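# Summary of structural features
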Amino acid sequence: MTNYLVVTAMGADRPGLVSRLARLASECDCDIVDSRMALFGNEFTLIMMISGSWAAITKIESLLPSLSVELELMTVMKRTSKHTPKNFISRIEVRFNGEDQRGTMKSITQFLADRGLDLAAVRSHADDNDNLKTQSILLAINIPDKVDLLQLEQGIHELAESLSLECSIKRMQGIAAP
């Protein structure tokens, strides 16, 4: 039976960190099923899902803390199970752009939560160009069959307007444009 472990790591960015973590997974007879890496300021961040036998996962759980100390990384591990995708009829990509305002992400995510929508991915970025603070938010949203897509799109555009943001919506899969 395959076991799964999610590992998060964060620390000062420097060359070789991903290589050392990947080497540990390989040495423990584990596979990296999925991973994401990003830099926030000067901080390296990584999240990865590892699979392997019970013994292999236990081995990496026991060896990762000492490697974390050596690499000066903060790490967290949690056992999990394989993701079982829900049956969504489509996915849309929504992009918001405009002046950076405190509370924008709260308003957008609350709008989606109130409608029971599933976020597949979120990426946001704020920038300060010549004293003009701007923000860009990109969301991938899974759409269940009970949702009226046209009504949802209209609501998203109304939300963007209320926040003084530009908004574009792209249908990614499952539904042709009207």
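See above for the structure.
Quick summary incoming for the structure in this document. (Residues numbered from 1 in each chain as written. Predicted model: local features only at pLDDT ≥ 70, side-chain atom pairs only at ≥ 80, totals over all residues. Heavy atoms only, no water.)

## Observations regarding a nonpolar patch on the surface
- On the surface, a nonpolar cluster with roughly 260 Å² of combined accessible area is contributed by Val18, Met37 and Leu39.
- Here Leu39 shows up in strand S2 (residues 31–40). (Patch = residues over 30% accessible without salt bridge, like charges linked within 9 Å, V, L, I, M, F, W, Y side chains within 5 Å. Areas by Shrake-Rupley, 256 points an atom, 1.4 Å probe, with all protein chains shown as cover. Salt bridge = Lys/Arg side-chain N within 4 Å of Asp/Glu carboxyl O. Helix = DSSP H or I, 4+ residues; strand = E, 2+ residues; numbered from the N terminus.)

## Description of the side chain of Ser68
- In this fold, Ser68 is placed in helix H2 (residues 54–71).
- Judged by relative accessible area, Ser68 falls into the buried class, the value being 5%.
- If near-sequence neighbours (up to four positions away) are discounted, Ser68 is found in contact with Leu73 and Thr75. (Buried < 20%, exposed > 50% of the residue type's maximum accessible area, 1.4 Å probe, protein only. Contact = heavy atoms within 4.5 Å.)

## Comments concerning the packing of aromatic side chains
- For the structure shown, the criterion picks out zero aromatic pairs.
- Here the guanidinium or amino end of Arg115 rests over the ring plane of Phe111, the centre of that ring lying 3.6 Å away. (Phe/Tyr/Trp six-rings, centres within 6.5 Å; stacked < 30°, edge-to-face > 60°. Lys NZ or Arg CZ within 6 Å of the ring centre and 35° of its normal.)

## Here we look at the pairing of strand S3 (residues 43–52)
- The element S3 is extensively covered by neighbouring structure, given that eight of its ten residues are classed as buried.
- Pairing geometry for strand S1 (residues 3–12) and S3, over ten bridges, is antiparallel. Counterpart to Leu5 in the pairing with S3 is Ile50.
- With antiparallel pairing between neighbouring strands as the criterion, S2 and S3 make up a hairpin whose turn holds two residues, including Gly41 at a positive phi of roughly 65°. (Pairing = 2+ DSSP bridges.)

## Observations concerning the packing of helix H1 (residues 17–27) against H2
- The interhelical angle for the contact between H1 and H2, taken along N-to-C directions, is 155°, at an axis separation of 10 Å. Taken together, H1 and H2 sit at an angle that is classed as roughly antiparallel. Viewed along their axes, H1 and H2 form a crossing whose handedness is right-handed. Across the interface between the two elements, Leu17, Arg20, Leu21, Leu24, Ala25 and Glu27 from H1 touch Lys59, Ile60, Leu63, Leu64, Leu67, Glu70 and Leu71 from H2. (Axes fitted to C-alpha atoms, helices over the stretch in contact; angles between N-to-C directions. Parallel < 35°, antiparallel > 145°, perpendicular 65-115°, else oblique. Left-handed = near helix turned anticlockwise from the far one by under 90°.)

## Notes on unusual backbone geometry
- For Glu72, which is not glycine, the phi dihedral falls at a positive 55°.
- Its location among the elements puts Glu72 in the loop between H2 and strand S4 (74–80).
- The class of Glu72 is exposed, set by a relative accessible area of 62%.
- For Ser164, which is not a glycine, the phi torsion comes out positive at approximately 60°.
- By the element assignment, Ser164 lies in the loop between helix H4 (149–162) and strand S8 (166–173).

## Some points on the pattern of salt bridges
- Applying the stated criterion to the full structure yields four salt bridges.
- Between Arg79 and Glu61 there is a salt bridge, with the nearest N and O atoms lying 2.8 Å from each other. On the criterion of sequence distance, the pair formed by Arg79 in strand S4 and Glu61 in helix H2 is long-range, its members being 18 residues apart.
- Its relative accessible area of 24% is what places Glu61 among the partly exposed residues.

## What to know about H2
- An ideal rise of 1.5 Å per residue puts 26 Å on 18 residues; H2 measures up with 25 Å between its terminal C-alpha atoms.
- Remark: the principal bend of H2, roughly 30°, maps to Leu64, with a proline, Pro65, within the next four residues.
- Regarding H2, the residues found buried are Ala56, Ile57, Ile60, Leu64, Leu67, Ser68 and Leu71.
- In the core, the buried residues of H2 are packed alongside S1, H1, S3 and S4.
- Once H2 finishes, Glu72 follows within two positions and takes phi at roughly 55°, a positive value. (Expected span 1.5 Å × (residues − 1). Bend = angle between axes of the 7 residues up to and from the residue.)

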